[in-house]
Amino acid sequence: FPVTISSDLELQQMYAEEKINFQIACLIRKAREEAKLSQEQLAKLIGTQQSIISRLEDSDYEGHSLSILQRIAHALHRKLEINMPTTGHHQVSAA
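A. Region of the structure containing the overall build of the protein chain. From N to C terminus, the protein chain includes four helices and zero strands. The order of α-helices and β-strands along the protein chain, N terminus first, is α-α-α-α. In the protein chain, buried positions account for 21% of the 95 residues. Considering only contacts in the protein chain between residues 6 or more positions apart, those separated by 24 or more positions represent 55%. When the accessible surface of the protein chain is split by element, carbon and sulfur atoms take 54% of a total near 7900 Å².

What follows is the structure, encoded as structure tokens:
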């Protein structure tokens with residue numbers, strides 16, 4: 001059945017989320033490949049299964065957790081940084 005996007009803002013938010021998922025997947029894969037590790041080797045280093053690494057490297061995956069990203073960064077001798085720049089949109093207060 002058809003998907004209805006209620007507003008341009010909703011579409012922008014969906015795009016932003018997809019972009020973040022894609023970027024995270026690419027960062028994990030690139031860092032792993034630069035370390036010359038297979039998915040299975042990285043999985044063993046962080047105490048998980050190869051299928052989890054495969055899922056994390058899939059741009060459609062939405063379940064990235066901070067703890068697993070930290071474990072991957074540590075295993076690959078990387079520094080995990082999170083950035084929250086301003087968007088230029090007006091501030092909305094919770095009522």
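B. Main features of the nonpolar core. If you look at the biggest cluster of nonpolar residues, it comprises 13 residues, and the most contacted ones within it are Ile28, Leu42, Ile46, Ile53, Leu56 and Ile72. Where this core is concerned, the elements lending two or more residues are helix H1 (8–34), helix H2 (39–46), helix H3 (50–56) and helix H4 (66–75). No other element matches the four residues that H4 contributes to this core. Contact partners of Ile53, with chain neighbours within four places excluded, come to Arg32, Gln39, Leu42, Ala43, Ile46 and Thr48.

C. Focus on a nonpolar patch on the surface. Together, Leu66, Leu80, Ile82 and Met84 make up a nonpolar patch on the protein surface, roughly 450 Å² of accessible area in all. Owing to a relative accessible area of 76%, Met84 belongs among the exposed residues under this scheme.

D. View of the confidence of the model for the protein chain. Taken residue by residue, the protein chain gives an average pLDDT of 87. The fraction at 70 or more is 86%. When mean pLDDT is compared element by element in the protein chain, H2 scores highest at 98, while H1 scores lowest at 90.

E. Local environment of the environment of Leu37. Here Leu37 is to be found in the loop between H1 and H2. It is 9.3 Å that separates the C-alpha atoms of Leu37 and Leu76, two residues lying 39 residues apart in sequence. When residues no more than four places from it in sequence are discounted, the contact partners of Leu37 are Arg32, Leu42, Leu45 and Leu76.

F. Looking closely at the side chain of Arg32. Relative to the helices and strands, Arg32 is located in helix H1. Classification of Arg32 by relative accessible area gives buried; the value is 8%. When sequence neighbours within four positions are dropped, the list of residues in contact with Arg32 reads Leu37, Ser38, Gln39, Leu42, Ile53, Glu57 and Leu76.

About the cut-offs
- Residues numbered from 1 in each chain as written.
- Predicted model: local features only at pLDDT ≥ 70, side-chain atom pairs only at ≥ 80, totals over all residues.
- Heavy atoms only, no water.
- Helix = DSSP H or I, 4+ residues; strand = E, 2+ residues; numbered from the N terminus.
- Buried < 20%, exposed > 50% of the residue type's maximum accessible area, 1.4 Å probe, protein only.
- Contact = heavy atoms within 4.5 Å.
- Areas by Shrake-Rupley, 256 points an atom, 1.4 Å probe, with all protein chains shown as cover.
- Core = buried A, V, L, I, M, F, W, Y, C linked by side-chain atoms within 4.5 Å.
- Patch = residues over 30% accessible without salt bridge, like charges linked within 9 Å, V, L, I, M, F, W, Y side chains within 5 Å.
- Salt bridge = Lys/Arg side-chain N within 4 Å of Asp/Glu carboxyl O.
- pLDDT = per-residue confidence, 0-100.

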